[in-house]
Amino acid sequence: MDGQKHIDVVAGAILRSGKVFGACRSYGAYAGIWEFAGGKVEPGETDAAALMREMQEELGVVVAVEELLGTVDHDYPEYHMNMRLYLCRLVEGEPQLRVHSEGRWLGRADLYSVPWFAADMDLIRRIEPRLR
């Protein structure tokens, strides 16, 4: 990790009726790859505050940040990422695609029907038992 840029990221797994909301990245080198909405934690920001801000910006929703599901450290060619995935509950609004090209509620049967980031697979397996 010598000299490599480090980014600190939070993401939210919004659960509802036995399904989790996933979104397809619409830009950059990773366009077409699925992820959970979220983003960088700004200096002085708590994980919960960052995640609530990112969910509002990316999906136009208000969420309650509940439980930490897990953490992943991954080296991409451009940077090292530390991501924490939180379970979230939708408090207000319906997800709108503001920065993603596609989004959908995924149940256990179709969770693996979309191409997720390889670094996220362990976290996705942790969500699976909570789905129908």
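Residues numbered from 1 in each chain as written. Predicted model: local features only at pLDDT ≥ 70, side-chain atom pairs only at ≥ 80, totals over all residues. Heavy atoms only, no water.

An unreviewed UniProt entry annotates the protein chain as 8-oxo-dGTP diphosphatase originating from Selenomonas flueggei ATCC 43531. In its Sequence similarities (unreviewed entry) section, the UniProt record describing the protein chain reads: "Belongs to the Nudix hydrolase family." Entered under Cofactor (unreviewed entry) in the UniProt record, the comment concerning the protein chain runs "Mg(2+)". (UniProt positions renumbered as here; feature names shortened; annotations may be inferred.)

## A look at the nonpolar core
One finds Ala-13, Val-20, Phe-36, Met-81, Leu-85, Trp-116 and Ile-127 to be the most contacted residues of the largest nonpolar core, which totals 27 residues. For this core, the elements supplying multiple residues, two or more each, are strand E1 (6-16), strand E2 (19-25), strand E5 (62-75), strand E6 (80-92) and helix H2 (121-127). For Trp-116, the contacting residues outside a window of four places in its chain are Gly-22, Ile-33, Trp-34, Glu-35, Phe-36, Leu-106, Leu-111, Met-121 and Ile-124. Ala-50, Leu-59, Leu-90 and Trp-105 belong to the second-largest nonpolar core, a separate cluster that totals 16 residues. (Core = buried A, V, L, I, M, F, W, Y, C linked by side-chain atoms within 4.5 Å. Buried < 20%, exposed > 50% of the residue type's maximum accessible area, 1.4 Å probe, protein only. Helix = DSSP H or I, 4+ residues; strand = E, 2+ residues; numbered from the N terminus. Contact = heavy atoms within 4.5 Å.)

## Things to note about the environment of Val-62
Take Val-62: it is sitting in strand E5. Using a relative accessible area of 31% as the deciding quantity, one classes Val-62 as partly exposed. A sequence separation of 30 residues divides Val-62 from Glu-92, and the C-alpha atoms of the two residues are 4.9 Å apart. When neighbours within four sequence positions are excluded, Val-62 is seen to be in contact with Gln-56, Arg-89, Leu-90, Val-91 and Glu-92.

## Topic: the UniProt feature "domain: Nudix hydrolase" (unreviewed entry) in the protein chain
Taken from the UniProt record, the annotation "domain: Nudix hydrolase" (unreviewed entry) applies to residues 5-132. What you have in residues 5-132 is 16% helix and 45% strand, and the ends, taken at the C-alpha atoms, are 39 Å apart.

## Re the packing of aromatic side chains
Within this structure, the stated rule accounts for six aromatic pairs. Seen in terms of ring centroids, Tyr-30 and Tyr-76 are 5.5 Å apart; in terms of plane orientation they differ by 70°. Their pairing is edge-to-face. Of the two residues, Tyr-30 sits in the loop between E2 and strand E3 (34-35) while Tyr-76 sits in the loop between E5 and E6, which places them 46 residues apart along the sequence. Assigned by exposure class, Tyr-30 and Tyr-76 land together as buried. Feature note: the residues Tyr-30, Tyr-76, Tyr-79 and Phe-117 constitute an aromatic cluster, connected by ring pairs. (Phe/Tyr/Trp six-rings, centres within 6.5 Å; stacked < 30°, edge-to-face > 60°.)

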